[in-house]
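Each chain, letter by letter, is given below.
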Amino acid sequence: MSNTVLSIRNLVVDIPTRHAVLRPVDNVSYDIAAGEILGVVGESGAGKSMAGNAVIGLLNRPAHISGGEIWLNGNRIDNLPREKLRRLRGKDMGMVFQDPLTSLNPLLRIGDQLTETMLTHLDISRSEAEKRAVAALEEVGIPAAAERVNSYPHEFSGGMRQRVVIALALCAEPSLIIADEPTTALDVSVQAQIIALLKRLCRQRGTAVMLITHDMGVIAEACDRVAVMYAGRLAELGPVREVIQNPRHPYTDGLMGSTPLASKGQKRLRQIPGSMPRLGRLPAGCAFNPRCPKAQDACRIDPPPTMEDGRAACLYPIEIEKKVPA
Amino acid sequence: MGNAALDPGALSVKNHAMLAYIIKRIVQSVIVLLVVGLVAFAMFRFVGDPIDNILGQERTQADIERLRVELGLDQPFVVQYWNFLARAAQGDLGVSYRQSRPVVEILLERAPATLELAAVSGAMAIIFGIMLGIFTAIRRDGFAANTIMTISLIGVSLPTFLIGVLLIYFFSVGMQFTLFGQTISTDLGLPSFGRGETVKIGGWSTGFLTESGLKALILPAITLGLYQMTLIMRLVRSEMLEVLRQDYIRFARARGLRERAVNFRHALKNTLVPVITITGLQLGSIIAFAIITETVFQWPGVGLLFINSIQTVDIPVMAAYLMLISVMFVAINLVVDLLYFAIDPRLRVDRTARGH
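With that settled, the discussion passes to the interface of chain A and chain B. Counting residues at the interface gives 36 residues for chain A and 30 residues for chain B. Together chain A and chain B conceal approximately 3,000 Å² of surface at their shared face, both sides included; 53% is due to carbon and sulfur atoms. Our count for the contact surface shared by chain A and chain B stands at three salt bridges. Seen at the junction of chain A and chain B, the total is 15 residue pairs in polar contact (both at pLDDT 80 or more). Considering every element that reaches the side of chain A that touches chain B, the biggest residue donor is helix α4 (residues 110-121) of chain A, with six residues.

Laid out in structure tokens, this is it:
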């Protein structure tokens, strides 16, 4: 991959508890190139957010990185001391959270939150930062930005606040953005706008994006490649079109089958029987085997192969067949 | 909604709403004071007979009648109440039965002692309370923070008079014990009663300017402020822990802000909104609770005056004290409400229009 911004190698996150060590992220590897949007999809608790938090260094104790490596722009960052990692946050990697209503400090003007972030990371004067704050708001499509700089968060609607959050995450021009379900808390009508905005800004600046979501629509709309996670492990990784049209992992196939598509005109949606096992109750072998329609004896003994050769972590991947494009 | 800043008239609308709110609060305060005034006034009628108290055993019926007219006790209740309020509003709170001097004069003489004591212990409670609260919240699992939290239980649970007596025992009387063959005394020579020497500046007698005055302040101020300090500290800690869990703190961290900026600029300011309410009310009770501390340390303030006036059924003094304390509480509440506006921009929008 040319121009790799983020590279995650065999990342393992552990949460020690009184009874056992839980492993919300297990041996996950993927790369994101400059200007590329990688979708990370999976059910709640699949470890997608946990992986994002591990990258930006905001895991809540007692969760911690216990294996693997994280490389950002050619530098290893998973073992950096706290203060050095803090300097990278905001400057080299930004994060957008799910709920724009609670992401902004209610007592500070948005202009102050913007300038504060820039002054922390960039070597510029206060007046220059104030100028850039207005420009940043204009760029994310806030009307009358010069006046709105002085507004407080509660004076904005939800969609506008998420635009402000994006402006904040991007204001020091990081090379990586981790967007953790950035549209989940928004009205459906606003979701598409926010995704389009994120996509446009990152394409323009060549920012790499890790877009964490459980919405396949968002993935199809915005992403170049998609990583499907299940029970902390990577199930499938590949270009969006291929994964959507020809899923090779039975779990991905089930996920696609359970997504309503207006064009297909299905009567009933397929569903995957059962539910994702809780951490610490993972079955032996492939974590998906109790729910898998194709599971064989071998699936119950050995963990599936890692993703180095094929793109699905499955012993018996679905053969590629020519489906009629939707 | 959400476009307040785009609307050119928005600012004046906001100010208008704020003004209306302030006027509403002032009207409420006046009603509260009228009710308290009624209670204070009722004491004249129902707690003992002032004529008995003033004239004593040797009295004639003519004396009684004359004094009754002189004190206006022959008039209807409502008229008396009105006269009482009218005089109180002009700063005339009657004449002390005991000292035969205007109550206002006595109060003004005593007020500096109480106010200085309250100011010192209030400042101590706020400064140390907030600092320790922040410290114990940020170093949540640290040894020092846990130790402070444990010790603070003492401050919350020991009654004020006991703290006062213990402080006198340790640092004024002095406890002696032997350590490694040496006798050590905890006596710091701090006075256990009175204000020490005071200096008169205008009508105000201050103990801040003499060494003995400052020394005399130490033990009473600690006694009075310790409870408030631990309360403020525990409140700041729990609020701060709550705020540190919020998304905007995570987002501030995700933007790589310095730990100090996250803790003090983002977290502390959000912590202060609820803390101000409690702290404001606590400052009121510092003056009200001063009664106990002033009694323990024989501190010549209004609290001690009040206790003595109860013993001698000096109703005008009691009534005046009641009025004074209630005026103070109402004033503090008003200031607290106005401080909200200064800190929290969300309140500056017209609340009735937003429906909550």
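Turning next to a nonpolar patch on the surface. Residue and element names in this part refer to chain B. A cluster of nonpolar side chains, contributed by L19, I23, V27, I31, V35, V39 and L322, occupies part of the molecular surface with about 610 Å² of accessible area. No other element matches the six residues that helix α1 (residues 10-46) contributes to the nonpolar patch. With respect to the element layout, V35 can be found in helix α1.

Strand pairing in a sheet relies on backbone hydrogen bonds. The paired strands run either parallel or antiparallel. Residue and element names in this part refer to chain A. One open sheet holds the six strands; their spatial order is β6-β7-β8-β3-β9-β10, and the pairing between them is mixed. At either end of the open sheet lies a strand with only one pairing partner, and these are β6 (93-96) and β10 (233-239). If you compare each strand with its neighbour and ignore which way they point, the axes differ by 15° on average. In terms of strand pairing, strand β3 (residues 37-41) meets strand β9 (residues 225-230) through four bridges, oriented parallel. The residue of β9 that forms the bridge with L38 is R225. Of the strands in this sheet, β3, β6, β7 (176-180), β8 (208-213) and β9 touch helix α1 (residues 48-56), which is tilted by about 145° from β8.

Moving on, we get to the packing of aromatic side chains. Counted under the stated rule, the structure contains ten aromatic pairs over all chains. Ring centres of B:F41 and B:F77 lie 5.2 Å apart, and the angle between their planes is 65°; on these two criteria the pair is classed as edge-to-face. In this pair, B:F41 is assigned in helix α1 and B:F77 in helix α4 (residues 77-89), connecting sequence segments 36 residues apart. Overall, B:F77 belongs to the partly exposed group, its relative accessible area being 31%. Centre to centre, the rings of B:F306 and B:Y321 are 4.3 Å apart; their planes meet at 20°, and the pair counts as stacked. Of the two residues, B:F306 sits in helix α11 (residues 302-311) while B:Y321 sits in helix α12 (residues 315-343), which places them 15 residues apart along the sequence. Geometry around A:F156 places A:R148 over its ring, the cationic atom sitting 4.1 Å from the centre.

The next point concerns the nonpolar core. Among the nonpolar cores identified, the biggest contains 100 residues, and A:Y30, A:L176, A:M210 and A:L211 are the most heavily contacted of them. Look past the residues within four positions of A:L176 in its chain and what remains in contact with it is A:V5, A:L6, A:I32, A:V55, A:L72, A:D92, A:M93, A:G94, A:T207, A:A208, A:V209 and A:M210. Listed in part, the 37 residues of the second largest apolar core include B:A88, B:A118, B:I286 and B:W299.

Residues and elements named next belong to chain A. The domain architecture assigned to chain A consists of domain 1 (1-92 + 176-187 + 206-326) and domain 2 (101-173). Each partner contributes to the interface: domain 1 provides nine residues, whereas domain 2 provides nine residues. Overall, the association of domain 1 and domain 2 removes approximately 650 Å² of surface from exposure, summing both partners, and the carbon and sulfur fraction of that is 60%. Here domain 1 is connected to domain 2 by zero salt bridges. Across the domain 1-domain 2 interface, the total number found is two residue pairs in polar contact (both at pLDDT 80 or more). Across the side of domain 1 that touches domain 2, the residue classes tally to three nonpolar, two polar and four charged.

The next point concerns unusual backbone geometry. Most peptide bonds take the trans form, and the phi angle of most residues other than glycine is negative. Omega for the peptide link from A:R61 to A:P62 comes to 5°, which places this bond in the cis form. Inspection of the secondary structure puts A:P62 in the loop between α1 and β4 (64-72). Its identity is not glycine, yet A:E173 carries a phi of approximately 55°, on the positive side. A positive phi angle, close to 55°, is found at B:S100, a residue other than glycine.

What follows is about the pattern of salt bridges. Residues and elements named next belong to chain A. Summed over all chains, the structure comprises 26 salt bridges over all chains. A salt bridge links R291 to E43; the shortest N-O distance between them is 3.4 Å. Within this pair, whereas R291 is found in the segment after α11 (250-257), its partner E43 is found in the loop between β3 and α1, the two being separated by 248 residues in sequence. Since its relative accessible area comes to 9%, R291 is described here as buried. The partner of E83 in a salt bridge is R86, with the nearest N and O atoms 2.5 Å apart. Of this pair, E83 and R86 are both found in helix α2 (residues 82-88), three residues apart, which corresponds to roughly one turn of the helix. Each member of the salt-bridge network shares a partner with another, and the members are E69, R76 and D78.

Here we come to the pairing of strand β1 (residues 176-179) of chain B. Residues and elements named next belong to chain B. The sheet contact formed by β1 and strand β2 (residues 182-185) spans four bridges and is antiparallel. Within β2, the residue paired with L179 across the bridge is Q182. Once β1 ends, the chain turns through two residues before running back antiparallel as β2, passing F180 with a positive phi of about 50°.

Turning next to the sheet that holds β4(A). Residues and elements named next belong to chain A. In spatial order, the strands read β2-β1-β4-β5; together these four strands make up an open sheet with antiparallel pairing. Since the sheet does not close on itself, it has two edges, and those belong to β2 (21-33) and β5 (75-76), each with one partner. Examined bridge by bridge, β4 and β5 share two bridges and lie antiparallel to one another. Paired with L72 across the two strands is N75, which belongs to β5. The strands that α1 touches are β1 (4-16), β2 and β4; relative to β1, the one it contacts most, it runs at about 110°.

The rules behind each value
- Residues numbered from 1 in each chain as written.
- Chains lettered and ligands numbered in written order.
- Predicted model: local features only at pLDDT ≥ 70, side-chain atom pairs only at ≥ 80, totals over all residues.
- Heavy atoms only, no water.
- Contact = heavy atoms within 4.5 Å.
- Buried area = accessible area lost by both parts, 1.4 Å probe.
- Salt bridge = Lys/Arg side-chain N within 4 Å of Asp/Glu carboxyl O.
- Polar contact = N/O pair within 3.5 Å; in protein donor to acceptor, adjacent residues only side chain to side chain.
- Helix = DSSP H or I, 4+ residues; strand = E, 2+ residues; numbered from the N terminus.
- Patch = residues over 30% accessible without salt bridge, like charges linked within 9 Å, V, L, I, M, F, W, Y side chains within 5 Å.
- Areas by Shrake-Rupley, 256 points an atom, 1.4 Å probe, with all protein chains shown as cover.
- Pairing = 2+ DSSP bridges.
- Axes fitted to C-alpha atoms, helices over the stretch in contact; angles between N-to-C directions.
- Phe/Tyr/Trp six-rings, centres within 6.5 Å; stacked < 30°, edge-to-face > 60°.
- Buried < 20%, exposed > 50% of the residue type's maximum accessible area, 1.4 Å probe, protein only.
- Lys NZ or Arg CZ within 6 Å of the ring centre and 35° of its normal.
- Core = buried A, V, L, I, M, F, W, Y, C linked by side-chain atoms within 4.5 Å.
- Domains from an automatic or database assignment.
- Nonpolar A, V, L, I, M, F, W, Y, C, P; charged D, E, K, R; others polar.

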